[in-house]
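The primary structure of each chain is shown beneath.
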Amino acid sequence: MIYMIKLLFLILLLSSCGSLPVAYSDTPLMLYRTAFGYPYEPVTKDYFNSFKYSFARIRFGKGESFTIVLASVEDGVYKWISNDGAKIFTQDGRIIKTVGLTHDIDITSSLSIANAKEGIFYEVINFSEPKLLNSVQVSKRQLSKEIELTMAEQQKSTFMIRENISIDKIGWSAENIYYVDSKNQILKSQQHIHPFLKPIHLEFYIK
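Since this is a predicted model, take the numbers as computed values, not measurements.

> How should the confidence of the model for the protein be read in this particular structure?
Reading predicted coordinates in detail is not appropriate for stretches of low pLDDT. Scored by pLDDT, the protein comes out at a mean of 85, with 82% of its residues at no less than 70. Taken element by element, the protein is modelled with least confidence in helix α1 (residues 2-15), mean pLDDT 35, and with most confidence in strand β10 (residues 172-180), mean pLDDT 98. Every residue in residues 1-18 is under pLDDT 50, and counting partners more than four places away or in other chains gives 14 contacts.

Have a look at this one:
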């Protein structure tokens, strides 16, 4: 009986979807998915057309993908909300603030980095857990090769931007990748935002 209860709980846990995992962590019950990952589910044309508002698909590492909806745009900052209330703020496709994750961040974004394909930029970053205040994050961007993407069953021509970020205060560095179209809009990205979080994969579907 106890085994059946545990099995039912596992099935319910694995079948839940559609919202951003606020308690984002790897638990023993998720070890298989952590090791092998969830299959990638591309956004179809019908799925795109079913949404009245702009949305994004988000995926943490090899985890399951979720939909977050655009709630507002203010001074170039896009506020995205999941079904469970977690919030992600982006500027020019970059994550600059999160609310509701186990490791939230807040970046005082450099105005010069907006729409920049190459260069070196300095920003102030804060972590909530563990607490890290007023640290300097250095971003080095370099324009790379041209890439063809398929989004909502449509081909998109993009250029790849490689961004190396580092925070000397904690000895952390990582590489982010952005795919930008001819209108200078970031359509897709892979971003590291915190040493304790897996890379975040984002696809933007703007209406």
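The discussion continues.
> Explain the side chain of Arg 59 to me, please; I cannot follow it from the model alone.
Considering the arrangement of structural elements, one finds Arg 59 in strand β1 (residues 55-60). Put simply, Arg 59 is tucked away with no salt bridge, and the nearest opposite charge, on Glu 41, sits 7.8 Å away. The contact partners of Arg 59, leaving out residues within four places of it in the chain, are Tyr 38, Pro 39, Tyr 40, Glu 64, Ser 65, Pro 199, Ile 200 and His 201.

> I keep staring at the packing of aromatic side chains and nothing clicks. Help me out?
One pair of aromatic rings is described through two measures. These are the centre distance and the angle between the planes. Applying the stated criterion across every chain yields a total of eight aromatic pairs. A ring pair is formed by Phe 55 and Tyr 205, whose centres lie 5.1 Å apart and whose planes are at 15 degrees; its orientation type is stacked. With Phe 55 in strand β1 and Tyr 205 in strand β12 (residues 200-205), this pair connects stretches of sequence that are 150 residues apart. A connected cluster of aromatic rings, assembled from ring pairs, spans Tyr 47, Phe 48, Phe 51, Phe 55 and Tyr 205. In this structure, Arg 141 packs its charged tip against the face of Tyr 178, placed 5.0 Å from the ring centre.

> What is the right way to read the nonpolar core from this model?
A general trend in soluble globular proteins is that nonpolar side chains are found buried together. By size, the foremost hydrophobic cluster in this structure holds 30 residues, and its most contacted members are Ile 58, Ile 95, Ile 200 and Leu 202. Per-element accounting of this core gives the leading share, four residues, to β10. Beyond its immediate chain neighbours, meaning those up to four positions away, Leu 202 contacts Ala 56, Arg 57, Ile 58, Ile 68, Ile 95, Leu 187, Lys 188, Ser 189 and Gln 191. Grouped together as the second largest cluster of nonpolar side chains are 11 residues, Val 43, Ala 152, Met 160 and Leu 187 included.

> Sorry if this is basic, but what is going on with the pairing of strand β5 (residues 94-99) here?
Regular strands place their side chains on alternate faces of the sheet. Taken together, the five bridges between strand β4 (residues 87-91) and β5 define a ladder with antiparallel strand orientation. Within β5, the residue paired with Ile 88 across the bridge is Thr 98. From the end of β4 to the start of β5, which pair antiparallel, there are two residues, and Asp 92 there has a positive phi angle of about 55 degrees.

Definitions and limits used
Sequence order sets the numbering: in each chain, residues are counted from 1 along the sequence as written. It should be noted that, the model being predicted, local features are given only for residues of pLDDT at least 70 and side-chain atom pairs only at 80 or more, the latter also being counted only at that level, while totals for whole chains, interfaces and linings use all residues. By convention in this description, side-chain values take in all heavy atoms of the structure and omit both hydrogens and water. Per-residue confidence from the predictor is reported as pLDDT, which spans 0 to 100. Labels follow the DSSP assignment, with helices taken as runs of H or I lasting at least four residues and strands as runs of E lasting at least two, numbered in each case from the N terminus. Only heavy atoms enter the contact rule, under which two residues are in contact if any of them lie within 4.5 Å. Type-normalised accessible area, obtained with a 1.4 Å probe on protein chains alone, sets the label of each residue: buried when under 20%, exposed when over 50%, and partly exposed for intermediate values. All tallies of charge rest on Lys and Arg as positive and Asp and Glu as negative; His and the ends of each chain are not included. Just to be clear on terms, a salt bridge is a Lys or Arg side-chain nitrogen sitting within 4 Å of an Asp or Glu carboxyl oxygen. Only rings of Phe, Tyr and Trp enter the pairing, Trp through its six-membered ring, and a pair is recorded when the two centres are within 6.5 Å. The plane angle decides the type: under 30 degrees is stacked, over 60 is edge-to-face, the rest tilted. In this scheme, Lys NZ or Arg CZ marks a charge over a ring once it lies within 6 Å of the ring centre and within 35 degrees of the ring normal. Only buried Ala, Val, Leu, Ile, Met, Phe, Trp, Tyr and Cys residues count toward a nonpolar core, and they belong to the same one when joined by side-chain atoms within 4.5 Å. Strands were regarded as paired on the criterion that DSSP finds at least two bridges between them.

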